[in-house]
Amino acid sequence: MSVHIADHPLIKHKLGLMRVKDVTTKDFRDLASEVARLLTYEATKDLETQKKVIDGWAGPVEVQEIKGKKITIVPILRAGLGMLDGVLDMIPTAKVSVVGYYRNETTLQPVEYYVKMTSEMDKRIALILDPMLATGGTLLATIETLKRAGCQAIKGLFLVAAPEGLKRITEAHPDVEIYVASVDERLNDIGYILPGLGDAGDKIFGTK
Ligand SMILES: O=P(O)(O)OC[C@H]1O[C@H](OP(=O)(O)OP(=O)(O)O)[C@H](O)[C@@H]1O
Ligand SMILES: O=c1cc[nH]c(=O)[nH]1
Ligand SMILES: [Mg+2]
């Protein structure tokens, strides 16, 4: 399955708090980070582990360690930065590959303004972070950039997605695994998700 809708009570509760009209910047930021942490737990459930023997306090002991591909976290500027701390709390050794897109307000097309990836993208699992998956244009552009860099294993973590954007992504890239706290009702006529969160970037950075 490529779309995983979170079914955890803590995620539902925290997302509900983020939807409050007058939520403060601090609360929105804290909650974005907390939900990102919980989504990371969901998105890493299928990582393989391998056994190894270490020196424990009472002698040799068999433990498990993560095996295989290393992770690179890919926050999409700017709003994706609001999820980065939460994900790094869970995967502190991950390399971070940053991509920057803003959505043209009239055409809703993504405009790329920054890309800085870590080395050996072909050997890594990419974990894309963005609070919002609306028309899907930004995610589509990000996936294409990652695939061009050789990345073969891609997952994306989102707080809220619109059905229209999800359909677009799953049709174009069925191999990409999407983890989302909520799939909302629809897009409005200016490309915002309803009921959604409003402008997530502005809420995280306190702009507007
Ligand atoms: O699915 P789409 O229709 O492409 O829309 C989603 C994008 O829009 C928002 O970014 P925005 O352009 O507002 O930039 P920002 O993060 O700098 O606020 C959001 O954080 C996504 O990146
Ligand atoms: O609802 C939306 C859609 C795009 N970007 C946002 O921040 N919110
Ligand atoms: Mg924005």
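Residues numbered from 1 in each chain as written. Chains lettered and ligands numbered in written order. Predicted model: local features only at pLDDT ≥ 70, side-chain atom pairs only at ≥ 80, totals over all residues. Heavy atoms only, no water.

- Per an unreviewed UniProt entry, the protein chain goes by Uracil phosphoribosyltransferase and derives from Desulfofustis limnaeus.
- Taken directly from UniProt, the Sequence similarities (unreviewed entry) text for the protein chain runs: "Belongs to the UPRTase family."
- The annotation that UniProt attaches to the protein chain under Pathway (unreviewed entry) is "Pyrimidine metabolism; UMP biosynthesis via salvage pathway; UMP from uracil: step 1/1." (UniProt positions renumbered as here; feature names shortened; annotations may be inferred.)

Quick word on the UniProt feature "binding site: uracil" (unreviewed entry) in the protein chain
Here comes step 1: UniProt's entry tags Ile 193, Gly 198, Asp 199 and Ala 200 with the feature "binding site: uracil" (unreviewed entry), counted in the numbering of this structure.
Here comes step 2: Structurally, Gly 198 is set in the loop between strand S13 (193–194) and helix H6 (200–205).
Here comes step 3: Leaving out residues up to four positions away in the same chain, Gly 198 has contacts with Met 132, Tyr 192 and Lys 203.
Here comes step 4: Residue position: Asp 199 is located in the loop between S13 and H6.
Here comes step 5: Judged by its relative accessible area of 24%, Asp 199 is partly exposed.
Here comes step 6: In contact with Asp 199, other than residues within four places in its own chain, are Arg 78 and Tyr 192.
Here comes step 7: A distance of 3.0 Å separates polar atoms of two side chains, one belonging to Asp 199 and the other to Tyr 192. (Helix = DSSP H or I, 4+ residues; strand = E, 2+ residues; numbered from the N terminus. Contact = heavy atoms within 4.5 Å. Buried < 20%, exposed > 50% of the residue type's maximum accessible area, 1.4 Å probe, protein only. Polar contact = N/O pair within 3.5 Å; in protein donor to acceptor, adjacent residues only side chain to side chain.)

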